[in-house]
Amino acid sequence: MTSTRAAPTSASATLDPAELDRLCINTIRTLSIDAVQAAKSGHPGTPMALAPAAYCLWQRFLRYDPEDPRWPNRDRFVLSNGHASMLLYSLLHLTGVKAVNESYEEVGQGRLAVTLDDIRNFRQAGSRCPGHPEYGWTSGVEATTGPLGQGVGMSVGMAAAGRWLGATYNRPGFELFDYNVWVFCGDGDMMEGVGSEAASLAGHLRLSNLCWIYDNNRITIEGSTDITFTEDVASRFMAYGWNVTRVGDANDLDMLSRAFETSLATRDRPTLIIVDSHIGYGAPNRQDTKEAHGEPLGADEARLAKEFYGWDPDAQFLVPDGVREHFQEHLGRRGAAEREAWSKLVGAYQKKFPEPGVHVGCMPRHTMPPGWDQDLPVFPADPKGIAGRDASAKAENAIARRVPWLLGGSADLWPSTKTLLTFEGAGEFQAPGQGGDYHGRNFHFGVREHAMCAFTNGMALSGLRPFGSSFLVFSDYCRGALRISALMEVPAIYIWTHDSINLGEDGPTHQPIEHLASLRAMPGMIVLRPAD
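No experiment lies behind these values; they were computed from the predicted model shown. (Residues numbered from 1 in each chain as written. Predicted model: local features only at pLDDT ≥ 70, side-chain atom pairs only at ≥ 80, totals over all residues. Heavy atoms only, no water.)

A. Up close: the overall build of the chain. Helices and strands together make up the secondary structure of the chain, namely 18 helices and eleven strands. For the chain, whose C-alpha radius of gyration is 24 Å, the value lies close to the compact-globule estimate of 24 Å for 532 residues. Referenced to the eigenvectors of the C-alpha coordinate spread, the extents of the chain come out at roughly 85 × 55 × 45 Å. Here the chain holds 532 residues, and 56% of them are scored as buried. Contacts in the chain between residues far apart in sequence, at least 24 positions, make up 74% of those at least 6 positions apart. Here the chain displays about 21600 Å² of accessible surface, and carbon together with sulfur accounts for 51% of that area. (Helix = DSSP H or I, 4+ residues; strand = E, 2+ residues; numbered from the N terminus. Rg over C-alpha atoms; globule rule 2.2 N^0.38 Å. Buried < 20%, exposed > 50% of the residue type's maximum accessible area, 1.4 Å probe, protein only. Contact = heavy atoms within 4.5 Å. Areas by Shrake-Rupley, 256 points an atom, 1.4 Å probe, with all protein chains shown as cover.)

B. The packing of aromatic side chains, seen in detail. Applying the stated rule across the entire model yields 26 aromatic pairs. For the ring pair Phe-77 and Phe-184, a centre distance of 5.0 Å and an interplane angle of 75° mean the geometry is edge-to-face. Taken together, the residues Phe-77 in strand 1 (residues 76-79) and Phe-184 in strand 2 (residues 181-185) connect sequence positions 107 residues apart. The same class applies to Phe-77 as to Phe-184, namely buried. Between the aromatic rings of Trp-164 and Tyr-169, the centroid separation amounts to 5.9 Å while the plane-to-plane angle is 80°, which identifies the pairing as edge-to-face. (Phe/Tyr/Trp six-rings, centres within 6.5 Å; stacked < 30°, edge-to-face > 60°.)

C. Representation of the side chain of His-515 within the structure. Residue position: His-515 is located in helix 18 (residues 515-520). Of the residues examined, His-515 reaches a relative accessible area of 2% and is grouped as buried. A polar side-chain atom of His-515 sits 2.9 Å from a polar atom in the side chain of Asp-476. What His-515 contacts, discounting residues up to four positions off in sequence, is Leu-472, Val-473, Ser-475 and Asp-476. (Polar contact = N/O pair within 3.5 Å; in protein donor to acceptor, adjacent residues only side chain to side chain.)

D. Up close: the side chain of Arg-29. Structurally, Arg-29 is set in helix 1 (residues 17-39). Of the buried charged residues, Arg-29 lacks a salt bridge, with Asp-249 as the closest side chain of opposite charge at 7.8 Å. Only 3.0 Å separates the side chain of Arg-29 from the side chain of Asn-26, close enough to count as a polar contact. Among residues more than four places away in sequence, those in contact with Arg-29 are Pro-47, Met-48, Ala-51, Pro-52, Asn-251, Tyr-281 and Tyr-309. (Lys, Arg positive; Asp, Glu negative; His and termini not counted. Salt bridge = Lys/Arg side-chain N within 4 Å of Asp/Glu carboxyl O.)

E. Structural detail: the pairing of strand 2. Burial within strand 2 is extensive, with five of its five residues counted as buried. With burial as the criterion, each face of strand 2 is covered, one bearing Val-181, Val-183 and Cys-185 and the other bearing Trp-182 and Phe-184. Across four bridges, the pairing between strand 1 and strand 2 is parallel. Paired with Leu-79 across the strands is Phe-184, a residue of strand 2. (Pairing = 2+ DSSP bridges.)

The analysis is restricted to geometry; functional conclusions fall outside its scope.
Below, the structure is given as structure tokens:
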């Protein structure tokens, strides 16, 4: 491994475009190396490998304004392989993403989302750079990720939310919602069952605004994926109904750009971009090893890697002159113009279409429209009583008629859970031509409980009030996503029925015993059980 690159010594004006691109990429890499080294803990290898892909996506394609990470029509970037968190923190710092308030609703806090001191204190108590990205704690983090598979699962809900918002609120000349969802994911996401469930559902729904960028580095904590994971991922995703393309060199910005352009040009299905990379790229003794995955490089190896990048091996947390300015010149300027144009469009929209205009203002703030509760049913005392799921159905439909963004479905059980929205116009959420359209509010998740709950989280992160439903005993399938819901404090609703211990005809497999107590024990989870 050799390098002939010169060390950065001056501002961006002295560098040609290719050198400036390389300078920005290597700044992401070295910040990640230094942060993990200082923490004596972390995952440096993936940020070193994926820095070019992240730089290319953010700098050339992402519709995003660092001044307002809450802008409703921004593109979403989800780091599903959350152990590579320093990749995201480096981007948030270098692009100058601004902080949002504690309720994650208002910008203008007068500080950066991630400062250089936060990066220096990576994985330390109180830092805005925890070991895995946390929604609401670090502005610019679109979803809490870390448990593998959750990020890709939530991304499908985000993409579906975008399609629903566009179908419901766009009008001729007023394209308010047309954002894309970009996801970085790794071998672990591909192995986790929730990732498979989510990919299958995304393919069925033909969510062409969704792109997963799969880091095919062929390394996990235990070693080469040859010992565990040898399937043909491309063929698998083509069978799901995805468009699949490949980038054979993770450092080739032109090839990466063509792949992103392919995704944007694909109108009838989601896209998987398989990026062949070298974990720990540039570290002569750690590249392509399991040690690069989850351990600091060590002081000597960090120096060698920096020398390979043409970097000052003694520099720590260096951001060369011109790097921040280069991000502002492209991502910052482009994003500001797009957000400003969108804000003007919304202003005109709200004047021309007052009622949906109110809805567009309510959703990002998780507020309810006027009169949302005026049709709530009343249940007089009755010796015969009423089944809880029947009463729930009446209340759910009464509210949903008044709150258009209350929507959801079940894991193939609505005839039992009674969660179907039955009023006129509720419709079925399906790809156009498949018995419904993207305006529908009834979702059919199939027998995919885990993906349903992750999907629901993604919709809630997009400003909607989604619900998912199943039998209480099957909440066992969903615990990873349920716990992420609670951690993020998002307003996702889970409707569990068949909660009695007297479900004798189905046998012990369907009788919930410990489930209610376990959900109540989950911090941040509000559990309501009528007549408990």
